[in-house]
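Observations on chain architecture
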2 protein chains.
Amino acid sequence: MIRLSKIADYGIVMMTHLARERRASGEDGNQSSAHEIAAATAIPPAMASKILKLLCKAELLRSQRGARGGYELARDAGAIDVAEIIQALDGPIAITACVEDGDGDCCIEALCPARTNWQKINGAIRDALADISLEDMAQSIPEAFMLDAGQERTRIEKVVE
Amino acid sequence: MIRLSKIADYGIVMMTHLARERRASGEDGNQSSAHEIAAATAIPPAMASKILKLLCKAELLRSQRGARGGYELARDAGAIDVAEIIQALDGPIAITACVEDGDGDCCIEALCPARTNWQKINGAIRDALADISLEDMAQSIPEAFMLDAGQERTRIEKVVE
DNA sequence: ATAAAGAGTACCGAACTGGTCCCCTTTTCC
DNA sequence: GGAAAAGGGGACCAGTTCGGTACTCTTTAT
């Protein structure tokens, strides 16, 4: 099904939340704790924390440790795209194989005409994902949508076809 | 990592093999048994058989039962694209969610602006895959490449980035 | 000094995936 | 007509991955 992992899904939701937070209170400075973010997005706190750490290591978020610490976007929402988020959480965006960890390279790589097709495919996918900024994602999503009190968190993705 | 399942990978390899077979002996009529195909592509016979059945049900292959039966492409190689193959084996091509089997629909679907973004993304991915025909894939791949005698089957995909 | 918060890491259970097996039906060929 | 070849359709198993949790350590504000 070529599906996005839940980690990446959650990551995008949280980043989107932070983008909205920032916009609501002009520019940076005010951070949100993992707790707050988890509550606002209805993502299990421990999970949220784990993912936020990863996003931080990928330099998509800035963190502040200690009491009253928290997270905030490392850059402007318009300068962060979903491809980056997915890559930070799920690894390289590619309809994989070949790069089997370790040995790696395809012995007839140079000869393989299929290779260019796969590169084309992978490239197209990456481009599509790189074309959506966090700002686009954040645009006018009703807050009620992010936290669907009581029941399961509402999914924001929609299958096509 | 957004990876292709092995099923789909195998499927593409076998379809590519059949495309080459057909081209080698002008037009249809001559079928290959699951056994032959498995041997030629170095895919475990039982696996190959399972996948061929699926491809047949998806009407990408035509089958002939009974002794001297086998499989052949249902259409011309130029008229089959990788998107179809992947969809037949892995289900709808989409960076998923929402369609959780059963209940399914996103309660605020109509309001969700993110939805159009995901559709855009999914569409781009599908387009990229639909743009590669089996004929493209089959083009001049040396047969030695399909069966890498002795060792593991060589992977035809190549990661990008 | 204490409490709040992030950093890091180990761990568990459930689901999915790759892979195998078995039995049934169809068809050919002797 | 019967045996063998081949596909059709499942059930089933095992290993890996993934979602999720827990625990300990470091940092920092009050």
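All values derive from a computational prediction rather than experimental measurement. (Residues numbered from 1 in each chain as written. Chains lettered and ligands numbered in written order. Predicted model: local features only at pLDDT ≥ 70, side-chain atom pairs only at ≥ 80, totals over all residues. Heavy atoms only, no water.)

1. Some words on the protein's contact with DNA strand D
Around DNA strand D sit 25 residues, and of these Lys-6 and Tyr-10 of chain A together with Ala-34, Lys-53 and Tyr-71 of chain B come closest. Backbone atoms, meaning sugar and phosphate, form 65% of the atoms of DNA strand D found within 4 Å of the protein. A distance of 2.9 Å is found between a phosphate oxygen of DNA strand D and a backbone nitrogen or oxygen belonging to Ala-34 of chain B. Here a phosphate oxygen of DNA strand D sits 2.7 Å away from a polar atom, N or O, in the side chain of Tyr-71 of chain B. Breaking the surface near DNA strand D down by element, the ones donating at least two residues are α1 (6-24) and α3 (45-57) of chain A together with α3 (45-57), β1 (61-64) and β2 (70-73) of chain B. (Near = heavy atom within 4 Å. Polar contact = N/O pair within 3.5 Å; in protein donor to acceptor, adjacent residues only side chain to side chain. Helix = DSSP H or I, 4+ residues; strand = E, 2+ residues; numbered from the N terminus.)

2. A few points about a positive patch on the surface
A cluster of basic residues, Arg-3 and Lys-6 of chain A together with Arg-3 and Lys-6 of chain B, forms a positive patch on the protein surface. Residue placement: Lys-6 of chain B occurs in helix α1 (residues 6-24). (Patch = residues over 30% accessible without salt bridge, like charges linked within 9 Å, V, L, I, M, F, W, Y side chains within 5 Å. Areas by Shrake-Rupley, 256 points an atom, 1.4 Å probe, with all protein chains shown as cover. Salt bridge = Lys/Arg side-chain N within 4 Å of Asp/Glu carboxyl O. Lys, Arg positive; Asp, Glu negative; His and termini not counted. Charge placed at Lys NZ, Arg CZ, Asp CG, Glu CD.)

3. A word on the environment of Thr-41 of chain B
In this fold, Thr-41 of chain B is placed in helix α2 (residues 34-41). Through-space distance from the C-alpha of Thr-41 of chain B to that of His-17 of chain B is 7.4 Å; in sequence the pair is 24 residues apart.

4. Observations regarding the nonpolar core
Ranked by size, the top nonpolar core spans 79 residues in total, and within it Leu-129 of chain A together with Leu-129 of chain B carry the most contacts. Not counting chain neighbours up to four residues away, the residues in contact with Leu-129 of chain A comprise Asp-81, Val-82, Ala-83, Ile-86 and Ile-93 of chain A together with Ile-2, Ile-95 and Ile-121 of chain B. (Core = buried A, V, L, I, M, F, W, Y, C linked by side-chain atoms within 4.5 Å. Buried < 20%, exposed > 50% of the residue type's maximum accessible area, 1.4 Å probe, protein only. Contact = heavy atoms within 4.5 Å.)

5. Observations regarding unusual backbone geometry
Note: most peptide bonds trans; most residues except glycine with negative phi. All names here are of chain A. We note that Glu-59 has phi near 65°; this positive angle belongs to a residue other than glycine. Take Glu-59: it is sitting in the loop between α3 and β1 (61-64). Here Glu-59 falls in the exposed class, since its relative accessible area comes to 58%. The backbone of Arg-68 shows a phi angle near 60°, a positive value even though the residue is not glycine. Note on placement: Arg-68 falls in the loop between β1 and β2 (70-73).

6. A word on the confidence of the model for chain A
Low-pLDDT portions of the prediction should not be read for the details of their coordinates. All names here are of chain A. Put simply, chain A has an average pLDDT of 77, and 70% of its residues get 70 or more. The element-level mean pLDDT for chain A is lowest in helix α7 (residues 143-146), coming to 48, with α3 highest at 97. Contacts from residues 98-111, a stretch scored under 50 in pLDDT, to residues over four places away or in other chains number 18 contacts. For residues 144-161, every residue scores under 50 in pLDDT, and the model assigns this stretch 62 contacts once sequence neighbours within four places are set aside. (pLDDT = per-residue confidence, 0-100.)

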